[in-house]
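Residue-level structure breakdown
Each chain, letter by letter, is given below.
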Amino acid sequence: MSTYYEFTNPTKLCSGKGAADNISYELKMLGARRPMVLSDGVLEKIGTLSIVLDSLGDLQVGRVFTDIPRDSSVDTVNRIAGEYRDYGCDSLLAVGGGSVLDTAKGVRLLIGQKADDLKTLMGCESIPRGEHIPFVAVPTTAGTGSEATAVAVIKDTVNHVKMEYISTELMPDVAVLDPRMTMTLPPRITASTGMDTLCHAVEAYSCIQKNPVSDAYALTAVGLVRENLIKAVRFGSSSKARLALANASFLAGASFSNSMVGIIHAIGHALGGVCGVPHGDAMNILLPAGMMFNRKVCGDSYGKLLFYLAGEEVYLKTPPRKRADRAIAEVLRLRSRLHALTGLPQTLKEAGVDPASFPEVAKTALNDGASIVNPRQVTYEAVIRILEVCYGD
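Small disclaimer: the values here were computed from a predicted structure and weren't measured. (Residues numbered from 1 in each chain as written. Predicted model: local features only at pLDDT ≥ 70, side-chain atom pairs only at ≥ 80, totals over all residues. Heavy atoms only, no water.)

**Some thoughts on the nonpolar core**
To be explicit about the condition: Residues grouped as a nonpolar core are buried Ala, Val, Leu, Ile, Met, Phe, Trp, Tyr and Cys residues, joined through side-chain atoms within 4.5 Å. Categorising residues by exposure relies on relative accessible area from a 1.4 Å probe, with only protein chains included: less than 20% of the type maximum marks a residue as buried, more than 50% marks it as exposed, and the intermediate range marks it as partly exposed.
With 77 residues, the main nonpolar core has I267 and L271 as its most contacted residues. Residues M36, A81, L109 and A152 belong to the second largest nonpolar core, which totals 31 residues.

**With respect to the packing of aromatic side chains**
So the rule is basically this: Ring geometry is summarised as follows: Phe, Tyr and Trp rings, the Trp one being its six-membered ring, pair when their centres sit within 6.5 Å, and such pairs are stacked at plane angles under 30 degrees, edge-to-face over 60 and tilted between the two. Numbering goes from the N terminus for both helices and strands, where a helix is a DSSP run of H or I of at least four residues and a strand is a run of E of at least two.
Following the criterion strictly, the structure yields 4 aromatic pairs and no others. Summarising the aromatic geometry, the rings of F7 and Y217 are spaced 5.2 Å apart at their centres and angled 55° between planes, so their arrangement reads as tilted. Note that F7 is positioned in the segment before β1 (12–15) and Y217 in helix α7 (residues 212–234), a separation of 210 residues in sequence. What makes F7 partly exposed here is its relative accessible area of 24%. On the basis of an interplanar angle of 75° and a centroid distance of 6.1 Å, the ring pair of F358 and Y391 is categorised as edge-to-face. Of this pair, F358 sits in helix α13 (residues 358–366) while Y391 sits in helix α15 (residues 380–391); the two residues are 33 residues apart in sequence, bridging distant segments of the chain.

**Examining the pattern of salt bridges**
Just so we agree on the cut-off: Put simply, a salt bridge is a Lys or Arg side-chain nitrogen that is within 4 Å of an Asp or Glu carboxyl oxygen.
Scanning all chains against the criterion turns up 18 salt bridges. Between D116 and R85 there is a salt bridge, with its nearest N and O atoms 3.6 Å apart. Residue D116 is found in the loop between α5 (98–113) and β5 (123–124), and its partner R85 is found in helix α4 (residues 74–86); the two are separated by 31 residues along the sequence. Salt-bridge contacts for E330 lead to R333; the nearest nitrogen and oxygen are separated by 3.5 Å. Separated by 3 residues within a single helix, E330 and R333 lie in helix α12 (residues 323–342), roughly one turn from each other.

**Here's the deal with the packing of helix α6 (residues 187–206) against α12**
For the record, the criterion: Each axis is a line fitted through C-alpha atoms, taken for helices only over the stretch in contact, and angles between the N-to-C directions span 0 to 180 degrees. Orientation is classified from the angle alone, with under 35 degrees giving roughly parallel, over 145 giving roughly antiparallel, 65 to 115 giving roughly perpendicular, and any other angle giving oblique. Throughout, a crossing is termed right-handed when the near helix is turned clockwise from the far one, and left-handed when it is turned anticlockwise from it by less than a right angle. Contacts were defined at the residue level, with two residues in contact if any of their heavy atoms lie within 4.5 Å. Lys, Arg, Asp and Glu make up the charged group, whereas Ala, Val, Leu, Ile, Met, Phe, Trp, Tyr, Cys and Pro make up the nonpolar group; the residues left over, Gly among them, are polar.
Their axes nearest at 9 Å, the elements α6 and α12 cross at an angle of 165°. Compared by their axis directions, α6 and α12 come out roughly antiparallel. α6 and α12 meet at a crossing whose hand is left-handed. In this structure, α6 contributes P187, R188, A191, M195 and L198 to the contact, and α12 contributes V331, L334, L338 and T342. Partitioning the contact of α6 with α12 into residue classes produces 7 nonpolar, 1 polar and 1 charged.

**What to know about the sheet that holds strand β3 (residues 63–65)**
Note the cut-off: For two strands to be treated as a pair, DSSP must find no fewer than two bridges joining them.
The sheet built from 6 strands is open, its strands ordered β1-β9-β6-β4-β2-β3 with parallel pairing. Edge positions in the open sheet fall to β1 and β3, since each of these has one partner strand only. Within the sheet, the average angular offset between the axes of one strand and its neighbour, ignoring direction, is 15°. Note: strand β4 (residues 91–96) against strand β6 (residues 135–139), 5 bridges, orientation parallel.

This is the structure:
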């Protein structure tokens, strides 16, 4: 752990039952009067979006845009930014999962920087402060943590790569966590997004940029996932479990936004870009193998992680030298339970990945920024080996 570190988390958090009822107030306090609302067609159809729209009171909505793909794309962001200007909007309200929130971040970046093409702004902490565009994020999944991060992942559909944007200019002014937003998530998606949260927290806790503040956020997130993910999968209407996972997602997002992630996300991004594997599914498949790869240099961290993955009793009964291996075993156990309950894939074979794509996936992963900050050096051979292990029988 470095003796010097930075930690940024400027997003105001509004969390709890009925939190969405505060959105109008928060927008007005930001000086917004004509927000553009971003969401997706499914949330519009099932009524989740209407809960938010009904809370806006006398605010005049400039435009509601719901034609956002599962994987946010540069073309979509560029098109929405054009409509934002055409409709005279003055703020952004994003209601949705990671793709919707990342799309909103991209739009905010374009508008704030007075640019027309998102590709011209790609980079890491290279964007100067632009015009402030009020931005409220309302996540409808508990996984990406995008509402708390300075990161956006947006797909270049021409070159089939997921591009990363890292800048504090991307961070929402306000994040609203309301259990009503995730109550309708099916068990399988609940499981997939929950494992995404867990992966964020584990990688943040073992990354080379980890620090005492990011550790506190990450470890709390791990404990919340352990205590609530199975409950939320089995009893989807439990507002207590839903809110706990939403809090975990925010905490893990804030943690990894500062300490970064590693090899698991590098490969996961590549699997998404090259093979179309949903991000949460990729995290679920890759997490144990990624931990096994990093165990050589992260044994002590993983040993401490066991307390949060399994609880006090298991931690105390496990000899210190065996705690890291037991931590990985606990992740495998959780993954197995989720597979039994929801059919969440445990192998790349189950996810429909063709082994012939492994070389392209490996090359893409090596070019992913997450590879740079992994605690153990990432090589082409290591990525291929992890892919082979994760393919299954």
